Amino acid sequence: MSEKNEPIQPDAPKKKYREVTVAAVVFGVVVGAIMNASITYSGLKIGFTIVGSSIAAVLGFGVLRGVMRSINPKAGSILETNIGQTIASSVNTTNSGVIFTVPVLLLLGYSLSPTESRFWLVTFACMAGAVLGTCFIIPLRKQMIDIDRLRFPSGTAVGSILKSPGAGIKKTIVLLAGIGVAMLIYLPTQLPLFHDEANINDLKLLVENEKISEQDAELTLTIKGWIDGQSAPASVVRAGELRLAIKTLRAQIAEGGDKETREREIASLETQIDVLEEGSDYNAALTIAAARATAGNIEWSKLRSSKNGWAKDPFWGYSDLRIRMGAEVDEEKTARAQETDPDAKGVLTERVDRKQTGHPDLLVTDSTVDVGRFLRIPDSAQLMFAIAPFALGAGYLTGRAGLMVLAGGVLAYLFLNPILFEGGLLPETLKGFDVAEGWGRSNLGKPLGIGLLLGGAMMGVVVAFPSIRAALASIAAAPTSKGGSDELGLKPLIIAAAGAFVLLFVAADVSTNEASNRVCPVTDQVLVAEVGAPVEAIEAPDGGFPKVHYRGYNLALADAAAVRAWDGLDNEARDSALKKIKSSPGPLSGWNRHLRALVIAAIGTLWIWFAGIIIAQCTGMTDWSPISGIALLTVVLVMVLAGVGSVIPAVLVGATLCCAITMSADMMSDLRTGYIVGAKPRNQQIVELCTTWIGPVICMMVVLLITQANLAKTGIPLGEGTETGAPQAEALKSVIIGVQGGDMPYMMYGLGTLLGLLLGLGSFAGLGVLVGLSMYLPFFYITTYGIGCIANITIAKWKGRTWAEEWGVPFAAGLIVGEAILSLIVNALIVIMSSGGGS
Amino acid sequence: MKLIASIILTIALSLGTLAAATAYTVSLGTPDEQLVGKTLKFGAGATADDEPIIDPGTVLTEGDLVTLREAGVKHVHVKEFRFGLWRHSWVFGLSMVGLVGGAMMLRVDAKRRLLAADNDPHGTSLSPNAAIAQARAAIDELRADLPAMPTDQDRLEAILAKLDDVQRVQIAAFIGAREKLVGRFGLAGYARVMDRFAASERQVNRAWSAAADHELYESMVCLDRASELFADVEPLLKH
């Protein structure tokens, strides 16, 4: 033993403290890829995605610390697991960016095939976006994390998980308790996603409990009748036979058969099916099953399947508690009903039965609790709470600052909507609950909220400029200062960003050369048909539709005769034709194509930089990120600049932006986690830059696989009529159609921006961001989030700030992680069951 | 003053959003020549069956306006924005004045509080200078005590316990003193101080993680670095 005051330095170990290791990299890439693929599929199917950091952290413990430690006692260190989760989330995160934007091209009727340049353009653009997003946000790490100390609740939660080995058994138990509580609370919201086929004897009860509609019950009884009688109507069987013939023809095309002849045959068969099925509600799968059963190829009992329309009996959820509004009869409507049918039962008022189903509405559904209706607030106001442990945990971790988010929601849903409605300033056909349940958010909350967000972010950047400058100066001086080598310098970032910019320019340049119009401006014939559109596209001649160049557009025309007709038109007639097909040119339309692409790439890159800051700040302050709103704005921006017909370049830039901003938020959140555990930022930044491009490739491949499978099965790539409805892309599609139809309320966005700017003049520059965010998001998540904020404040007052941090943070972290783990399990089960044909 | 400023801001923001929400809402009291040719964004009026009297997308004609007025409809919602048709523009203007006024009041109040906080020698929380000094002292004490401990396990436990305290007390106090520091040094100066502080805090965090992973050497190296970096922060805090 040495003297007390002589420091002992233990011998330097043979191997350095494990941080960036082969095991961590392999783990991160593999787990990230698996999460990406499964979440892409479930995102296209049911519309939500999951951020993977917390799941990857938990899995990292299991694999790196658990399994690998049996081989190497030093494996699975806190920092190594941090690198593993950084890479996994880097590979996973871009799926939300891709599935929000890219599928909209398919929904609008454009194709995405690996034999076409468009597929690769989009893929490279998404890869460029991922790299750009990472590059742009890295220099702001110091400002956001070191200086502004943004909380990044999810990043903080992941830090809690990583620190659990050393935090002591009590804190680990508290973390696990949070995970357990979250899973218990969240489970009944997810169970109804799974179902059995309904029992015939239970149909009446299922209708009464609003699990299925009357029509579902009737169809089920009809199918039962066919099964029992071992026969189906001739028209149904014939439709099924025709569909089977179409499948055969498609398979022949795929094998290299004569495409033209077979497509003509398919079109003819489809017309026959339309005639047979006029007025009928049977789905395609049912007709095929009936045809197969009639031919003796399958048992009649196989018709009993939810895919054929047989009623579903979902597993138990909160709605099964049957906590409803009290019954309240509308005397007037009842009297009128009883005039025609004396036995008619009492008609409920709209206050308790909004959709007039005959049953009082549920106060507790599978995912929400409607406290407002219980308190009898006006229908045009809303006070619902989501059953969402994640929101509760995020609110707790945000604390007092989150009350501003709540304030914005209160402004929109408890003040703005009711006052406008009661003041008669909204369309007369709207009911109060229409306003509260969606109309208000879509038409008021979103444009004003996004505007406030933009204005608040702009003011935030202006006010934070001194600290941004100090942070950048520190990074630039890094190689010469103590501790400075911990940060990635500016030079590699500039090189990476320049490379990504070039990629974006190329993508914009090539895509603006493509014809975006879906209707011939001369003959009005449909050249590219939307999914589900009543009118089909005409067949392209050999070599594709002829193109002409006008006002910056390459326009596709139906045939040579249309080209001749176009040549004979004067400019006024041509402009009129463009307006008719909703392809009016924009300010850049008359420019040289390459210059236009350069401007789009430059504005796109600048906008990506700014949007990345907004998203990272929102995530840092609240854990919410308005990615879809910013993506919508991006698509609108490009369409306005390049012309409202420029859908392909707009979606391409939108996809680039979405990938960029998801990576910005993810990188910052991971760096916050790294800060908590003492990781070297440089290591996380390098591994993220090296792996971020993988995610978009995987995602695009999965989208391709899904669309090819859908095309082979149904002839439809995505959307209605397939199992992958792509709901988020549908939302973007409706915005694109809105822009083309002149429906965008640009002034509301502008006025919101002005309000956001002015709000930021006070002592808190980011106030507009917080208020705008909550006007834009669904209120029921904000209210639950607000409970978390209030819980933090209350506990801090009661037990002291230190206690609230020490014990509250791990529990809140557990809530966030528990919901994420359960969501992933549910996603995985959906994927497995879908591929196995189960339900 | 903060309360009054917050009330003004709340009222101004509420009025501003209300006014902005009516940007495309036009009164049917407006002269016909300003309304004819405008396109309805939403259906106008409502029949007994809750269907619109005039469908969305319709370009308004004089006849449409007569029909709507006879039905008692007061407003329509159009796609085109015209400043002259925006009845509540004055409300929006008022709200902007309120927002600017409220923001200025908040700034004045914030400046006053910063000065007061910085000049208060009897503040209840640990001062930034004291927090840094105590953190450094605690780490140096730990470094001095470690050699005397009987085993590496004892050293690792001591590191975890001591750093838990430093993170919970001194570091938390320093982070909580943002207002004081901004008041003292301005935003740019605060940024420089936090930049140095963050580097030292990261070393403390890394030392903690290494100790939790039984990496004694790494932990002690990080403690050495943390002590040096805290020493770099102290001169920055002098006026």
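Check the entry above for the structure.
This text gives an overview of the structure that appears in the document.

On to the overall build of chain B, then. Broken down by element type, chain B carries eight helices and two strands. Seen in sequence order, chain B has helices and strands lined up from the N terminus as α-β-α-α-β-α-α-α-α-α. On C-alpha atoms alone, chain B measures out to a radius of gyration of 32 Å, which is more than a quarter above the 18 Å that the 2.2 N^0.38 rule sets for 239 residues. Along the three orthogonal principal directions, the C-alpha set of chain B runs to about 95 × 40 × 25 Å. Within chain B, the proportion of its 239 residues that are buried is 49%. Excluding contacts between residues fewer than 6 apart, the proportion of contacts in chain B whose partners are at least 24 apart in sequence is 72%. Accessible surface for chain B amounts to roughly 10,700 Å². Of this, 57% is attributable to carbon and sulfur atoms. Taken as two groups, the 26 positive and 31 negative side-chain charges of chain B have centres that lie 8 Å from each other.

What follows concerns the overall build of chain A. Per the secondary structure count, chain A includes 32 helices and six strands. A compact globule built from 839 residues should have a C-alpha radius of gyration of about 28 Å, and chain A, at 29 Å, falls within 12% of that. In chain A, 77% of the contacts between residues at least 6 apart in sequence involve partners at least 24 apart. Accessible surface for chain A amounts to roughly 33,400 Å². Of this, 61% is attributable to carbon and sulfur atoms. Each charge class in chain A was averaged separately, 67 positive and 73 negative side chains, and the resulting centres sit 11 Å apart.

With 80 residues of chain A at the interface, the matching set in chain B holds 78 residues. Roughly 6,600 Å² is buried in total at the junction of chain A and chain B, and carbon and sulfur atoms are behind 62% of that figure. Summed over the shared surface of chain A and chain B, the number is eight salt bridges. The partner of aspartate 213 of chain B in a salt bridge is arginine 65 of chain A, with the nearest N and O atoms 2.9 Å apart. Put simply, chain A and chain B have 20 residue pairs in polar contact (both at pLDDT 80 or more) between them. If you tally residues by element for the side of chain A that touches chain B, the top one is helix H29 (residues 746–759) of chain A, at eight residues.

With that settled, the discussion passes to the side chain of threonine 656 of chain A. Of note, threonine 656 of chain A is situated in helix H25 (residues 647–677). Ignoring any residue separated from it by four or fewer positions in sequence, one finds threonine 656 of chain A in contact with Ala125, Gly129, Leu504 and Ile608 of chain A.

All right, on to the packing of H29 of chain A against helix H1 (residues 2–21) of chain B then. A pair of packed helices is characterised by two quantities: the angle between their axes and the separation of those axes. Relative orientation of the contacting elements H29 of chain A and H1 of chain B amounts to 170°, with a least axis distance of 9 Å. Classified by the angle between their axes, H29 of chain A and H1 of chain B sit roughly antiparallel to one another. Counting all contacts with H29 of chain A, which are made through Met748, Leu751, Leu755 and Leu759 of chain A, the residues of H1 of chain B involved are Leu9, Leu13, Gly16, Thr17, Ala20 and Ala21 of chain B. In terms of residue class, the contact of H29 of chain A with H1 of chain B is made up of eight nonpolar, two polar and no charged.

Judged by nonpolar contacts, the single largest core of 250 residues is most densely connected at Ile630, Met668 and Ile736 of chain A together with Phe174 of chain B. Listed in part, the 22 residues of the second largest apolar core include Leu219, Ile227, Leu286 and Ala293 of chain A.

Further remarks concern the pattern of salt bridges. Overall, the coordinates contain 37 salt bridges over all chains when judged by the stated rule. Each member of the salt-bridge network shares a partner with another, and the members are Arg136, Asp140, Arg143, Asp224 and Glu234 of chain B.

Right, let's get into the environment of isoleucine 145 of chain A. Residues and elements named next belong to chain A. Tracing the backbone shows isoleucine 145 in helix H6 (residues 141–147). Distance in space between the C-alpha atoms of isoleucine 145 and glycine 695 is 25 Å, their sequence separation being 550 residues. Sequence-distant contacts of isoleucine 145, that is, excluding residues within four places in its chain, are made with Phe152, Met668, Leu671, Arg672 and Tyr675.

Another point: unusual backbone geometry. Even without being glycine, arginine 149 of chain A reaches a positive phi, approximately 55°. The class for arginine 149 of chain A is buried, based on a relative accessible area of 17%. Its identity is not glycine, yet aspartate 50 of chain B carries a phi of approximately 65°, on the positive side. Here aspartate 50 of chain B shows up in the loop between helix H2 (32–35) and helix H3 (62–70). Looking at aspartate 50 of chain B, the relative accessible area reads 37%, which means it is partly exposed.

So, about the environment of tyrosine 190 of chain B. With respect to the helices, strands and loops of the structure, tyrosine 190 of chain B is situated in helix H7 (residues 178–212). You can call tyrosine 190 of chain B buried: its relative accessible area is 1%. Separated by 12 residues in sequence, tyrosine 190 of chain B and arginine 178 of chain B have C-alpha atoms that sit 8.0 Å apart. Beyond its immediate stretch of four places on either side in the chain, tyrosine 190 of chain B contacts Ile147 of chain A together with Arg178, Leu181, Val182 and Phe185 of chain B.

Here is what the cut-offs are and how they apply
Residues numbered from 1 in each chain as written. Chains lettered and ligands numbered in written order. Predicted model: local features only at pLDDT ≥ 70, side-chain atom pairs only at ≥ 80, totals over all residues. Heavy atoms only, no water. Helix = DSSP H or I, 4+ residues; strand = E, 2+ residues; numbered from the N terminus. Rg over C-alpha atoms; globule rule 2.2 N^0.38 Å. Buried < 20%, exposed > 50% of the residue type's maximum accessible area, 1.4 Å probe, protein only. Contact = heavy atoms within 4.5 Å. Areas by Shrake-Rupley, 256 points an atom, 1.4 Å probe, with all protein chains shown as cover. Lys, Arg positive; Asp, Glu negative; His and termini not counted. Charge placed at Lys NZ, Arg CZ, Asp CG, Glu CD. Buried area = accessible area lost by both parts, 1.4 Å probe. Salt bridge = Lys/Arg side-chain N within 4 Å of Asp/Glu carboxyl O. Polar contact = N/O pair within 3.5 Å; in protein donor to acceptor, adjacent residues only side chain to side chain. Axes fitted to C-alpha atoms, helices over the stretch in contact; angles between N-to-C directions. Parallel < 35°, antiparallel > 145°, perpendicular 65-115°, else oblique. Nonpolar A, V, L, I, M, F, W, Y, C, P; charged D, E, K, R; others polar. Core = buried A, V, L, I, M, F, W, Y, C linked by side-chain atoms within 4.5 Å.

All we've got here are geometric facts, nothing functional implied.
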